Amino acid sequence: MKEFHFTVTEELDGERIDKCLNMLIDSLSRSYIQKLLASEAITVNAQTVKPSFRVSVDDKIKLVLPPSITPDIQPEKIPLSILYEDRDVIVIDKPKGMVVHPAPGHYEGTLVNALMYHCGNELSGINGVLRPGIVHRIDRDTTGSIIACKNDYAHNEIARQLKDHTIVRKYQAIIHGILKKEEGTVHTLIGRHPIDRKKMAVIDKGGKDAVTHYRVLQYFQNATYIECILETGRTHQIRVHMAHLGHPLLGDLVYGAKGNPYNLTGQTLHAGILGFKHPVTGKYIETSAPLPEYFVNLLKRLSEK
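Residues numbered from 1 in each chain as written. Predicted model: local features only at pLDDT ≥ 70, side-chain atom pairs only at ≥ 80, totals over all residues. Heavy atoms only, no water.

J.: Please explain helix α2 (residues 30–38) as it appears in this structure.
T.: Residues spaced three or four apart along an α-helix face the same direction, because each turn holds 3.6 residues. Of the residues making up α2, those classed as buried are I33, L36 and L37. Along the axis of α2, the buried residues cluster in a sector spanning 100°; they form a single face. Exposed side chains of α2 directed beyond 90 degrees from the buried face belong to K35 and A38. Turning to α2, the residues buried within the fold contact α1 (17–24), β2 (42–44) and β4 (60–65). Two residues or fewer after α2 comes E40, characterised by a positive phi angle close to 65°. (Buried < 20%, exposed > 50% of the residue type's maximum accessible area, 1.4 Å probe, protein only. Helix = DSSP H or I, 4+ residues; strand = E, 2+ residues; numbered from the N terminus. Arc of directions from axis to C-beta. Contact = heavy atoms within 4.5 Å.)

J.: Help me understand the packing of α1 against α2 in this model?
T.: Two packed helices can be described by the angle between their axes and the distance between those axes. Running from N to C, α1 and α2 point in directions that differ by 120°, and their axes come no closer than 9 Å. Overall, the two elements α1 and α2 adopt an arrangement that is oblique. For the crossing formed where α1 meets α2, the hand is right-handed. When α1 is examined against α2, the residues I17, D18, K19, L21 and N22 are found in contact with a partner set consisting of R30, I33, Q34 and L37. (Axes fitted to C-alpha atoms, helices over the stretch in contact; angles between N-to-C directions. Parallel < 35°, antiparallel > 145°, perpendicular 65-115°, else oblique. Left-handed = near helix turned anticlockwise from the far one by under 90°.)

J.: Could you clarify how one ought to interpret the pattern of salt bridges in this entry?
T.: Pairing between side chains of opposite charge can happen when their charged atoms approach one another. Under the definition given, this model contains ten salt bridges. A salt bridge links R30 to D18, with the shortest nitrogen-to-oxygen separation between them at 3.5 Å. Of this pair, R30 sits in helix α2 while D18 is found in helix α1, placing the two residues twelve residues apart along the sequence. Exposure remark for R30: the relative accessible area of 32% places this residue in the partly exposed category. Residue classification places D18 among the buried residues on the basis of a relative accessible area of 0%. Ionic contacts of the salt-bridge type, sharing partners, join the residues R16, D18 and R30 into one network. (Salt bridge = Lys/Arg side-chain N within 4 Å of Asp/Glu carboxyl O.)

J.: How do you make sense of the nonpolar core when you look at a structure like this?
T.: The nonpolar side chains of a soluble globular protein tend to be buried, and buried together. Grouped together as the largest cluster of nonpolar side chains are 30 residues, with contacts concentrated most on L115, Y171, I226, I238 and M242. For this core, the secondary structure elements donating two or more residues are β6 (89–94), α3 (111–119), β7 (143–149), β8 (168–176), β11 (208–219), β12 (223–230), α5 (237–244) and β13 (269–277). Considering every element that reaches this core, the biggest residue donor is α3, with five residues. Beyond its immediate chain neighbours, meaning those up to four positions away, I226 contacts Y171, Q172, A173, I175, L179, R215, V216, L217 and M242. Listed in part, the 20 residues of the second largest apolar core include L37, A41, L63 and L65. (Core = buried A, V, L, I, M, F, W, Y, C linked by side-chain atoms within 4.5 Å.)

J.: I keep staring at the packing of aromatic side chains and nothing clicks. Help me out?
T.: Ring pairs (aromatic) are described by centroid distance and by the angle formed between their planes. Evaluated as defined, the whole model comprises three aromatic pairs. With a centroid separation of 6.3 Å and an interplanar angle of 5°, the aromatic rings of F4 and F6 are classed as stacked. (Phe/Tyr/Trp six-rings, centres within 6.5 Å; stacked < 30°, edge-to-face > 60°.)

J.: Explanation requested: the environment of L130 in the structure shown.
T.: In this structure, L130 sits in the loop between α3 and β7. Through-space distance from the C-alpha of L130 to that of I285 is 27 Å; in sequence the pair is 155 residues apart.

J.: For this particular structure, what's the right way to read the sheet that holds β4?
T.: Strand pairing in a sheet is mediated by backbone hydrogen bonds. Such pairs are either parallel or antiparallel. Here we have four strands laid out as an open sheet, ordered β1-β4-β2-β3, and antiparallel in their pairing. Unpaired on one side and paired on the other, β1 (2–7) and β3 (47–48) mark the two borders of the sheet. Pairing between β1 and β4: six bridges, direction antiparallel. Counterpart to T7 in the pairing with β4 is K60. Contacts from α1 reach β1, β2 and β4, with the element oriented near 70° to β4. (Pairing = 2+ DSSP bridges.)

As structure tokens, then:
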């Protein structure tokens, strides 16, 4: 079991205990914290409390996490659209709705399940049993190119390229409204949203450097088709940056408007181009994932308006 000990500071004074701990440990959801409170795994000043309890300055919080149980992840015969493959790496065109790796609530039907069936034991183990082969992620409803590695050497090399920002990642997106500039760069800090910890946000301090380059591909009546090139790869980066500009992605119910006039399932975002140096040969390899059918149909609908 793992224990956490905190002393409440002035900025947390008066917060509910569940929200307070969610802010201190953003990997724990408030619902899970509430379950821990119900099981008396959390105490304040050595006393059990309810989720509605509000903390005060200098309160002593103790949280005891129960031992985690790693689920048995099974290979699944799920069709894969393979853009490139050799003995070291594989690039997949991920469909909309597919989660990249297992997580609570998603232990089946993920890209990892499919890769385990396709590649057998030939996947890197650096990221553990839940993420074999996975070096980077794209969101569940984002389509397109994602690379996985078949051995630890390849994994380390691709991870280094990601860290050095030398991997080419070009996305296509459709955003609300008309961009005034035909091209530009968004350079901000991105971190956890100060209130909704499941979201990311542009923040003034404490976040990670995030750079997105964009250019307009086509204007529509009240939407713009754009290409985004990632210089960095922060969680939800393009979605957050476009919303920051006042032009959230169509279909993005997290960072955009709640209305969905086109009956979309998630954001209109596609990882089209992925370019990298092969981890063994050093040869530059570039793959291109074609726009999914829903995306092509939406562009056609917008052009007819």
